[in-house]
Amino acid sequence: MDVSLDDSKLSASDLALLKEFGELWNRAEAIWDSYQQHSAFESYVSADYHAVFHALISLREQKSRFIEWGSGLGVVTIMADRLGYEAVGIEAKDLLVDFALDLADDFQSEAEFSVGSFIPDRFEWDPASGDESIRTIIDIPAGYDQLGVELRDFDLVYSYPWPTEHALYHNVMREFADPNSVLLTYDAREGLGLVHFADLGF
Ligand SMILES: C[S@@+](CC[C@H](N)C(=O)[O-])C[C@H]1O[C@@H](n2cnc3c(N)ncnc32)[C@H](O)[C@@H]1O
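Treat the numbers as computed from the prediction; the structure is a model and nothing was measured.

Q: Just checking my understanding: could you explain the overall build of the protein for this structure?
A: When helices and strands are counted, the protein shows six helices and six strands. Reading the protein from its N terminus to its C terminus gives the helix and strand order α-α-β-α-β-α-β-α-β-α-β-β. By the compact-globule yardstick of 17 Å for 202 residues, the protein fits well, its C-alpha radius of gyration being 16 Å. When the 202 residues of the protein are sorted by exposure, 50% land in the buried category. For the protein, the exposed surface amounts to about 9,900 Å²; the carbon and sulfur share of it is 46%.

Q: Can you walk me through the packing of helix α1 (residues 12-35) against helix α2 (residues 49-59) in this structure?
A: Helix-helix packing: each pair is described by the crossing angle between the helix axes and the interaxial distance. Closest axis-to-axis distance for the α1/α2 pair is 11 Å, and the angle between their directions is 145 degrees. In the packing of α1 onto α2, the handedness of the crossing is right-handed. Contacts from D14, L18, F21, W25 and A28 in α1 reach Y49, H50, F53 and I57 in α2. Taken together, the residues that form the contact of α1 with α2 break down as seven nonpolar, one polar and one charged.

Q: So what exactly am I meant to see when it comes to helix α3 (residues 75-82) here?
A: A turn of α-helix holds 3.6 residues, and therefore any two residues three or four places apart point the same way. By the criterion of burial, α3 is predominantly enclosed, with seven of the eight residues buried. All of the buried residues along α3 are V75, V76, T77, I78, M79, A80 and D81. Of the residues trailing α3, G84 is marked for its positive phi of about 110 degrees.

Q: What is the right way to look at the side chain of D81 in this model?
A: With respect to the element layout, D81 can be found in helix α3. The buried charged residue D81 lacks any salt bridge, with R82 as its nearest oppositely charged partner at 5.3 Å. In terms of polar contacts, D81 uses its side chain to reach the backbone amide nitrogen of E110, at 2.9 Å. Sequence-distant contacts of D81, that is, excluding residues within four places in its chain, are made with A87, Q108, S109, E110 and A111.

Q: Hey, could you run me through the layout of surface pockets in this one?
A: Unoccupied space between atoms shows up once a probe the size of one water molecule is rolled over them. Within this model, the largest pocket holds a volume of roughly 230 Å³. Taken together, P120, D121, R122, A142, Y144, D145, V149, E150, L151, R152 and F176 make up the lining of the largest pocket. Taken together, the residues of the lining of the largest pocket break down into six nonpolar, no polar and five charged.

Q: Just checking my understanding: could you explain the sheet that holds strand β3 (residues 112-115) for this structure?
A: One key point about sheets: their strands pair by backbone hydrogen bonds, in either a parallel or an antiparallel sense. Read across the sheet, six strands follow the order β3-β2-β1-β4-β5-β6 without closing on themselves; strand pairing throughout is mixed. Two strands close off the open sheet at either side, each with one partner strand: β3 and β6 (191-196). If you compare each strand with its neighbour and ignore which way they point, the axes differ by 20 degrees on average. Bridge count for strand β1 (residues 65-69) against strand β4 (residues 156-159) is four bridges, and the pairing is parallel. When the sheet's bridge partners are listed, F66 is paired in β4 with L156. Relative to the sheet, helix α4 (residues 94-106) contacts β2 (86-91) and β3, its axis offset from that of β3 by approximately 170 degrees.

Q: I tried to follow a negative patch on the surface on my own but got confused; where do I start?
A: On the surface, a cluster of negative charge is contributed by D94, D98, D102 and D105. Position of D98 among the secondary structure elements: in helix α4.

Q: Looking at this model, I keep getting lost on the site of the ligand. Mind explaining?
A: The immediate surroundings of the ligand are formed by 21 residues, with E68, G70, E91, I137 and Y158 found nearest. Between Y158 and the ligand, the recorded distance is 2.7 Å, taken from a side-chain N or O atom to an oxygen atom. Here the ligand, which alone exposes 600 Å², has 95% of that area covered by the protein. Applying the majority rule of atoms within 2 Å of the grid points places the ligand in the largest cavity. Grouping the constituent residues of the shell around the ligand by class yields eleven nonpolar, seven polar and three charged.

Thresholds, definitions, all that
Residues numbered from 1 in each chain as written. Predicted model: local features only at pLDDT ≥ 70, side-chain atom pairs only at ≥ 80, totals over all residues. Heavy atoms only, no water. Helix = DSSP H or I, 4+ residues; strand = E, 2+ residues; numbered from the N terminus. Rg over C-alpha atoms; globule rule 2.2 N^0.38 Å. Buried < 20%, exposed > 50% of the residue type's maximum accessible area, 1.4 Å probe, protein only. Areas by Shrake-Rupley, 256 points an atom, 1.4 Å probe, with all protein chains shown as cover. Axes fitted to C-alpha atoms, helices over the stretch in contact; angles between N-to-C directions. Left-handed = near helix turned anticlockwise from the far one by under 90°. Contact = heavy atoms within 4.5 Å. Nonpolar A, V, L, I, M, F, W, Y, C, P; charged D, E, K, R; others polar. Lys, Arg positive; Asp, Glu negative; His and termini not counted. Salt bridge = Lys/Arg side-chain N within 4 Å of Asp/Glu carboxyl O. Polar contact = N/O pair within 3.5 Å; in protein donor to acceptor, adjacent residues only side chain to side chain. 1 Å grid on protein atoms, 1.4 Å probe; cavity = no way out; pocket = protein on both sides within 12 Å on 5 of 7 lines; lining within 4 Å. Points joined across faces, edges and corners; volume = space filled by probe spheres on them. Pairing = 2+ DSSP bridges. Patch = residues over 30% accessible without salt bridge, like charges linked within 9 Å, V, L, I, M, F, W, Y side chains within 5 Å. Charge placed at Lys NZ, Arg CZ, Asp CG, Glu CD. Near = heavy atom within 4 Å. Sits in = over half its atoms within 2 Å of the grid points.

Dropping the structure here:
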């Protein structure tokens, strides 16, 4: 996905938000510095928040209902909420959700979070069709019910998959997402990616 990272083109209100988000990113980094040895952080690594911020801005006119799969410290979901999306995050580790809720409070966000898996309970795991997990936690109940939502309620799904896990994420999208939705990904090697549901193939 090609997105301009040029902050000089932002509106005054988005620039003001970016300034607040800089503080949010610093808070998240300070938490990471203090807790990185804790087992709750074993699958955690943060995306390039600045790049994801610009991606959220570029999609804002077309999409409005946002869900983050594996929301970690909640930073991206909080940004999405403050940028005008209806935003929720699902995260496997309860300690991370506790931090996310505190950050949401401190940064005037109404983002909601649940503890659980972003993989729906009805998903049938099939390594033969590419369902591979390196870091994704696969043995806990889904987190959608706690939020009163289903995956098909969202038109923008964001996640940070491990490089070999894209097929798994696509399979979940193919089976449970809204046909008008898109999957925005951040990946340390590839950077930002955007997949339209219709391009996933059946
Ligand atoms: C690579 S980190 C990404 C954090 C954040 N989304 C970001 O982009 O900065 C992946 C997160 O997904 C969480 N996770 C792994 N498997 C999960 C699952 N099945 N359901 C929900 N969260 C999961 C991990 O605990 C971790 O916090």
